[in-house]
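# Inside the fold
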Amino acid sequence: MLMMLVCLGFCLTGCRWFENPANAERIGSGYIQYDKGLYYVEIDSVRYSPDRIYTNSSSRDGKNTMDPVNGMEVTCFRIHGKSYVEFIAGNQTEEYLEDYFTTNSTAIVVLCVILVLCVIYGVFYQDLKKHL
């Protein structure tokens, strides 16, 4: 049982099957401006209003964000085919956005498999104990 679990772990570790690509679409970059109580970034004569800005760092809870700051350079983009615009600090490339926002759920799948195997083992162990 343990060897099967170890083999399964080796097989699933690093699998690209469980990646969720960001499909990042970079709109452009610009500087945050403040006018009449509203923060905005103007790119190609279109104004985008940020409410949060990704800070290029991650924590255990996910991607870190901050409030807009007047004069800060940000990159505007869309991810996962959604219509709303997101913002990240600095002038970032589409490749960087793709790398930063792509997620991988291999660890979750491996943990779920381990949990299911433990439950199955517990059920069969209890059943085996009754027959002895």
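Coordinates for the structure precede this section.
Heads up: these notes are all about the structure in this document. What you are looking at is a predicted structure, and each value in this text was computed from that prediction instead of being measured.

## Focus on unusual backbone geometry
A positive phi angle, near 65 degrees, is found at Ser45, a position not held by glycine. Along the polypeptide, Ser45 turns up in the loop between β3 (38–43) and β4 (46–48). Judged by relative accessible area, which is 68%, Ser45 ranks as exposed. Phi at Asn56 takes a positive value of approximately 70 degrees, unusual for a residue other than glycine.

## Comments concerning the side chain of Thr75
As for its placement among the helices and strands, Thr75 is situated in strand β7 (residues 73–78). Residue Thr75 is classed as buried on the basis of its relative accessible area of 0%. Side-chain polar atoms of Thr75 contact the backbone nitrogen of Gln92, separated by 2.8 Å. Not counting residues within four places of it along the chain, the set of residues in contact with Thr75 comprises Arg26, Gly28, Ser29, Glu86, Phe87, Ile88, Gly90, Asn91, Gln92 and Leu97.

## Here we look at a nonpolar patch on the surface
Residues Leu115, Val119 and Val123 make up a contiguous nonpolar surface patch of roughly 290 Å² in combined accessible area. Relative to the helices and strands, Val123 resides in helix α3 (residues 106–131).

## A short note on the pairing of strand β8 (residues 86–89)
Looking along a regular strand, one sees side chains alternate from face to face of the sheet. The alternating pattern of β8 places Glu86 and Ile88 and Phe87 and Ala89 on opposite faces, both of which are buried. As paired strands, β7 and β8 are joined by four bridges and run antiparallel to one another. Of the residues in β8, the one forming a bridge with Phe77 is Glu86.

## Some remarks on the pattern of salt bridges
This model, assessed by the stated rule, comprises three salt bridges. A salt bridge links Arg47 to Glu42; the shortest N-O distance between them is 3.5 Å. A relative accessible area of 53% places Arg47 in the exposed class. With its nearest N and O atoms 3.4 Å apart, the salt bridge here joins Arg52 to Glu86. Here Arg52 is found in the loop between β4 and β5 (53–59), whereas its partner Glu86 is found in strand β8, with 34 residues between them in sequence. Judged by relative accessible area, which is 33%, Arg52 ranks as partly exposed. A relative accessible area of 6% places Glu86 in the buried class.

## Concerning the environment of Arg47
Tracing the backbone through its elements, the reader meets Arg47 in strand β4. With near-sequence residues (within four places) excluded, Arg47 lies in contact with Tyr40, Val41 and Glu42. Within polar-contact distance, the side chain of Arg47 engages the side chain of Glu42 at 3.5 Å.

## Thoughts on the nonpolar core
Core analysis: the biggest nonpolar cluster contains twelve residues, these being Ile27, Ile32, Val41, Ile43, Tyr48, Ile53, Met72, Val74, Cys76, Val85, Phe87 and Ala89. Among the elements of the structure, β2 (25–35), β3, β7 and β8 are those that each provide at least two residues to this core. Excluding its chain neighbours within four sequence positions, the residues that come into contact with Tyr48 are Ile27, Tyr39, Tyr40, Val41, Ile43, Cys76, Val85 and Phe87. Listed in part, the nine residues of the second largest apolar core include Ala22, Tyr54, Ile88 and Tyr100.

Quick notes on the rules
Along each chain, residues carry numbers from 1 onward, in the same order as the chain's sequence is written. Under the rules for a predicted model, residues below a pLDDT of 70 receive no local features and side-chain atom pairs below 80 are neither given nor counted, while totals for whole chains, interfaces and linings still include all residues. For the side-chain quantities, the full set of heavy atoms in the structure was used; hydrogens and water were omitted. Numbered from the N terminus, helices here are DSSP runs of H or I no shorter than four residues, and strands are runs of E no shorter than two. Three labels apply to residues, based on accessible area from a 1.4 Å probe with only protein chains included: buried if under 20% of the type maximum, exposed if over 50%, partly exposed otherwise in between. N or O atoms closer than or at 3.5 Å make up a polar contact, with two conditions inside protein: a donor-capable atom paired with an acceptor-capable one, and, for residues adjacent in sequence, both atoms drawn from side chains. What makes two residues a contact is simply this: any of their non-hydrogen atoms within 4.5 Å. A patch is a set of surface residues, each over 30% in relative accessible area and not in a salt bridge, joined within 9 Å for like charges and within 5 Å for the nonpolar side chains Val, Leu, Ile, Met, Phe, Trp and Tyr. Working definition of accessibility: Shrake-Rupley area with a 1.4 Å probe, residue cover restricted to the visible protein chains. Salt bridge, as used here: a side-chain nitrogen of Lys or Arg that lies within 4 Å of a carboxyl oxygen of Asp or Glu. Pairing between two strands is assigned when DSSP locates at least 2 bridges connecting them. Only buried Ala, Val, Leu, Ile, Met, Phe, Trp, Tyr and Cys residues count toward a nonpolar core, and they belong to the same one when joined by side-chain atoms within 4.5 Å.

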